[in-house]
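# Analysis of the macromolecular model
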Amino acid sequence: MMGHDMLRRHTVLVLAIPLPLLLSCVAAPPSSEALRLPITIVRTSPVATINVGSQTVQAGIDTGGGAIALSEDVIRNAGGIKLAEEREWSDAYGQRYRVPQFKVPVITIGGRAFRDIVVIQSTEVRDLEGPPISNAIGGQFLSQFVTVIDYVGQSFTLWPSGAESAIDAACGTTRVPMEKTEQFDLAVTAFNTPSGTLRLLWDTGASYSMLPEALVANRSLETFLRGQTPFYNSTTLSVAGREFGPLEFVVPPLQLPSDFEGVLGANFFSSHVVCLDYEKREVRIR
């Protein structure tokens, strides 16, 4: 049975960290080669292996926005230097946190070294049902690339924006615009559903697709229960002339920012390759 505690571990984290500050520290050196990240799916979440200093660690890959987050031990062992300013962020349930941030000398992702990266210290993982992984690669790193998400092929591939032929081969022909968002690293698409248009966030950090209780109530959507957890089944979900429904959404008490109304999670990514091109503000789906 899926409960709210499980979902709390895998929801979008909206970080109040200035994007120019982070990207000045993580900008990739010029290269025409892709970063290839083999993944394993750990309790519905994509997990890759990275190197932080001399340590090999596992990290979840989270397109739902946010910085690179590392555990206290990993930061300390990598020689991280604590910065004076803490950062505040809120989760999808409206809970707010203040966390320290550090500059880490080197992190190697997909075989490429990135130096002097600003990271945040991850919060304690309390959910025993979710993957026991404190480290994460967030959307503020991924948004430098065309991010190809392939759960079935067990890989994330991060292409530079100029690699058109490789991106075309991987991503297919269905193209839809990213909606305008306050945060550059959020990928949001407007889908047509039986209840009208829904702006949905592409979020590999979400264990399941989700709609907030308040939205479901406002649109008078019919739900059903599994155990004590409510779900909504959208019989259709279409965009750019293609149908991707039916799709099931869990209905927890989310408090989402105005940029989007719901979340596409693992039950969508498990059957589609999704490519996020942040520079062109475009999503491609096959």
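Now for a quick tour of the structure.

So, how was this worked out
Counting of residues starts from 1 at the beginning of each chain's written sequence and follows it residue by residue. The predicted origin of the model limits local features to residues at a pLDDT of at least 70 and limits the giving and counting of side-chain atom pairs to 80 or more, whereas totals for whole chains, interfaces and linings rest on all residues. Note: side-chain values were computed over all heavy atoms of the structure, leaving out hydrogens and water. Note on terminology: disulfide denotes any pair of cysteine sulfur atoms within 2.5 Å. By the criteria applied, helices consist of DSSP H or I runs no shorter than four residues and strands consist of E runs no shorter than two, each listed in order from the N terminus. Note on exposure labels: buried denotes an accessible area under 20% of the residue type's maximum, exposed denotes more than 50%, and partly exposed covers the range between, all computed with a 1.4 Å probe on protein chains only. Two strands form a pair only when DSSP identifies at least two bridges running between them. Angles shown run from 0 to 180 degrees and are taken between the N-to-C directions of axes, each axis being a line fitted to C-alpha atoms and, for helices, limited to the stretch in contact. For this analysis, residues touch if any pair of their heavy atoms sits within 4.5 Å.

Overall, the coordinates contain 1 disulfide when judged by the stated rule. Each sulfur of the disulfide joining Cys171 and Cys275 lies 2.1 Å from the other. Taking the sign of the S-S torsion, -100° for the link of Cys171 and Cys275, the bridge is left-handed. One end of the pair, Cys171, is in helix H5 (residues 164-171); the other, Cys275, is in strand E24 (residues 274-277), and 104 residues separate them in sequence. Residue Cys171 is classed as buried on the basis of its relative accessible area of 0%. Residue classification places Cys275 among the buried positions, given a relative accessible area of 1%.

All right, on to the pairing of strand E17 (residues 196-202) then. Where strand E16 (residues 188-193) lies against E17, 6 bridges are found, and the strand directions are antiparallel. By the bridge assignment for E17, Ala190 is matched with Arg199. Of the strand pairs in this sheet, E17 and strand E23 (residues 262-264) are connected by 3 bridges, and their pairing is parallel. What sits directly across from Trp202, in E23, is Leu264.

Our next topic: unusual backbone geometry. Following Gly245, the chain continues to Pro246 via a peptide bond in cis, the omega torsion being 0°. Positive phi, close to 55°, is recorded for Ser220, a residue that is not glycine. Locating Ser220 in the fold gives a position in the loop between helix H6 (213-218) and strand E18 (223-226). Here Ser220 falls in the exposed class, since its relative accessible area comes to 65%. Non-glycine residue Arg281 carries a positive phi angle of around 55°. For Arg281, the position within the fold is in the loop between E24 and strand E25 (282-285).

Before going further, it helps to examine the sheet that holds strand E14 (residues 155-159). Strands in a sheet are paired, the pairing made by backbone hydrogen bonds, and the direction either parallel or antiparallel. As summarised here, the arrangement of the 6 strands in space is E2-E14-E13-E24-E25-E15, forming an open sheet in which the pairing is antiparallel. Strand pairing shows two members of the sheet lacking a second neighbour, strand E2 (35-38) and strand E15 (174-177), which therefore form its edges. Direction aside, neighbouring strands of the sheet carry axes that sit 15° apart on average. Sheet topology places E15 next to E25; 4 bridges connect them, and they run antiparallel. Its bridge partner lying in E25, Val176 is registered against Val283. On the sheet, H5 packs against strand E13 (146-150), E14, E15, E24 and E25 and is oriented at approximately 50° with respect to E25.

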